[in-house]
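A structural walkthrough
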Amino acid sequence: MYDYLVVGSGLYGSIFAREATNKGYKVLVIDKRNNVGGNIYTEKVEGINFHKYGAHIFHTNNTEVWNYLQQYAVFNRFTNSPVANYKGELYSLPFNMYTFNKMWGVTTPEEASAKIEEQRKEISGEPQNLEEQAISLVGRDIYEKLIKGYTEKQWGRDCKDLPAFIIKRLPVRLTFDNNYFNALYQGIPIGGYTKMIENILDDIEVRFGEDYLENRDKWNGLAKKVVYTGPIDAFFCYKLGTLEYRSVRFENEVLDIPNFQGNAAMNYTDRETPWTRIIEHKWFEFGKDENGNDLPKTIISREYSSEWKPGDEPYYPVNDEKNGKRYAAYKELADREEKVIFGGRLGEYKYYDMDATVASVLEKCKGELK
Ligand code: UDP
């Protein structure tokens, strides 16, 4: 008999398994895929750590979380500085003095803030949706060229129907600083995320190709408690209706050239280009292999955002009002499941970044594991 059955070997499940094991509990991890890591899984292609389920850049202000992960990985000095491509015009992200200079020709912070002030006047009162929030942060020009198209492609919804908080994730700066994140710590685990998860799961039993929901009686019989990191609505057989997710489809290409776009991420912010962004994976590790040699080839992924339907991988919870209410109803059911802990982006239907996932599982462990 196991003390804990952990369903899903992503960041949440793996860390829970590690902490429980360290406390002397007997743990079994199962995953329906044939590899660990959930969506942070990376695999080696042409010597490059390829982020198979989308680019992951670790960043955090949480020292406890950062120190925790240092036990399992050494992080490189990667800093995310995506470039926005609007119909061939290139802009720096996040919104900063380089962006304002290219957009309006302004050269000083004073001129830039005067431009923004003038353009935000059209919004009065508290912004009610993403469009109003964006215009009130950076004005209409930037909204039209760098936000509207990208956001509508990414979420498949009009910016007026999306919550304001999504855009508040992005910094706006009156300095020449292209660092996308306001984070004290940032980087990519050297050797890939898979290696980090393998280090976390070291010596813990993991079974692959196992779908908990297809055979729950068998699995429930094996353990005293279950840590479930899959979609919460699937756990309850969608009985209160489905929660909506956005999914992502990747078109991956290995190119026989050393440098395709000169940056890890290029966002295509116009409405016409069908993909949202192109990731060139080698630049997460400065184009070098583990011995510091330049890599001759490159691998790129075009990212297409789509509405999730059964059979697709769920990526992003759609945290609007309708889904928020539905999740709250599922959460009530979940709270009554005394043997099951629900965790992670899918288990809690939250737009968690990796660091928030780590913080959340560590907090859960403190309460759960005596
Ligand atoms: N966003 C945008 N233009 C960009 C990048 C981001 O309008 O070039 C908006 C978009 O609405 C997106 C949000 O900012 O959903 C948050 O972006 P972030 O990069 O944090 O999303 P993630 O990395 O989670 O995909």
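Here we summarise the structure given alongside this text. (Residues numbered from 1 in each chain as written. Predicted model: local features only at pLDDT ≥ 70, side-chain atom pairs only at ≥ 80, totals over all residues. Heavy atoms only, no water.)

Observations concerning the nonpolar core
- Membership of the largest hydrophobic core comes to 78 residues, with the highest contact counts inside it found for Ile15, Phe16, Phe95, Phe100, Ile142, Ile147 and Met196.
- Among all residues touching Ile142, those that are not within four sequence positions of it are Phe95, Phe100, Met103, Trp104 and Ile147.
- The next biggest cluster of nonpolar side chains, apart from the first, holds 26 residues, and it includes Val318, Tyr327, Tyr330 and Val340. (Core = buried A, V, L, I, M, F, W, Y, C linked by side-chain atoms within 4.5 Å. Buried < 20%, exposed > 50% of the residue type's maximum accessible area, 1.4 Å probe, protein only. Contact = heavy atoms within 4.5 Å.)

A few points about the packing of helix α2 (residues 63–70) against helix α12 (residues 354–368)
- Here α2 crosses α12 at 90°, and the two axes come no closer than 9 Å. Taken together, α2 and α12 sit at an angle that is classed as roughly perpendicular. Along the contact surface, α2 presents Glu64, Val65, Tyr68 and Leu69, while α12 presents Asp355, Val358, Ala359, Leu362 and Lys366.
- In terms of residue class, the contact of α2 with α12 is built from six nonpolar, no polar and three charged. (Axes fitted to C-alpha atoms, helices over the stretch in contact; angles between N-to-C directions. Helix = DSSP H or I, 4+ residues; strand = E, 2+ residues; numbered from the N terminus. Parallel < 35°, antiparallel > 145°, perpendicular 65-115°, else oblique. Nonpolar A, V, L, I, M, F, W, Y, C, P; charged D, E, K, R; others polar.)

A closer look at the site of the ligand
- Taken together, 17 residues lie around the ligand, and Thr151, Trp155, Arg169, Tyr180 and Tyr351 are the ones closest in.
- At a separation of 2.8 Å, an oxygen atom of the ligand approaches a polar side-chain atom of Trp155.
- Of all the elements, helix α6 (residues 140–155) adds the most residues to the shell around the ligand, at six residues.
- Across the shell around the ligand, the residue classes break down as eleven nonpolar, four polar and two charged. (Near = heavy atom within 4 Å. Polar contact = N/O pair within 3.5 Å; in protein donor to acceptor, adjacent residues only side chain to side chain.)

Digging into the sheet that holds strand β15 (residues 316–317)
- The strand order β7-β6-β12-β13-β14-β11-β15 describes an open sheet built from seven strands, whose pairing is mixed. Looking at which strands have only one partner, the edges of the open sheet turn out to be β7 (89–92) and β15.
- Sheet analysis places strand β13 (residues 277–280) next to strand β14 (residues 298–307), joined by four bridges and oriented antiparallel. Looking at the pairing, Ile278 lines up with Arg302 of β14. (Pairing = 2+ DSSP bridges.)

Description of the pairing of strand β12 (residues 265–268)
- Going residue by residue along β12, you find Ala265 and Asn267 tucked away on one face and Met266 and Tyr268 tucked away on the opposite face as well.
- Of the pairings in the sheet, the one linking strand β6 (residues 83–86) to β12 comprises three bridges and is parallel in character. Residue pairing across strands places Ala84 opposite Asn267, the latter belonging to β12.
- In the sheet, β12 pairs with β13 via three bridges, with the strands oriented antiparallel. By the bridge assignment for β13, Ala265 is matched with Ile279.

Quick look at α2
- Of all the residues in α2, the buried ones are Val65, Trp66, Tyr68 and Leu69. Projected down its long axis, α2 shows its buried positions confined to an angular sector of 160°, all on one face.
- Along its buried surface, α2 packs onto α1 (11–22), β5 (58–60), β8 (185–187), α7 (193–200) and α12.
- A distance of 3.0 Å separates the backbone nitrogen of Glu64 from a side-chain oxygen at the start of α2, and that oxygen is part of Asn62. (Arc of directions from axis to C-beta.)

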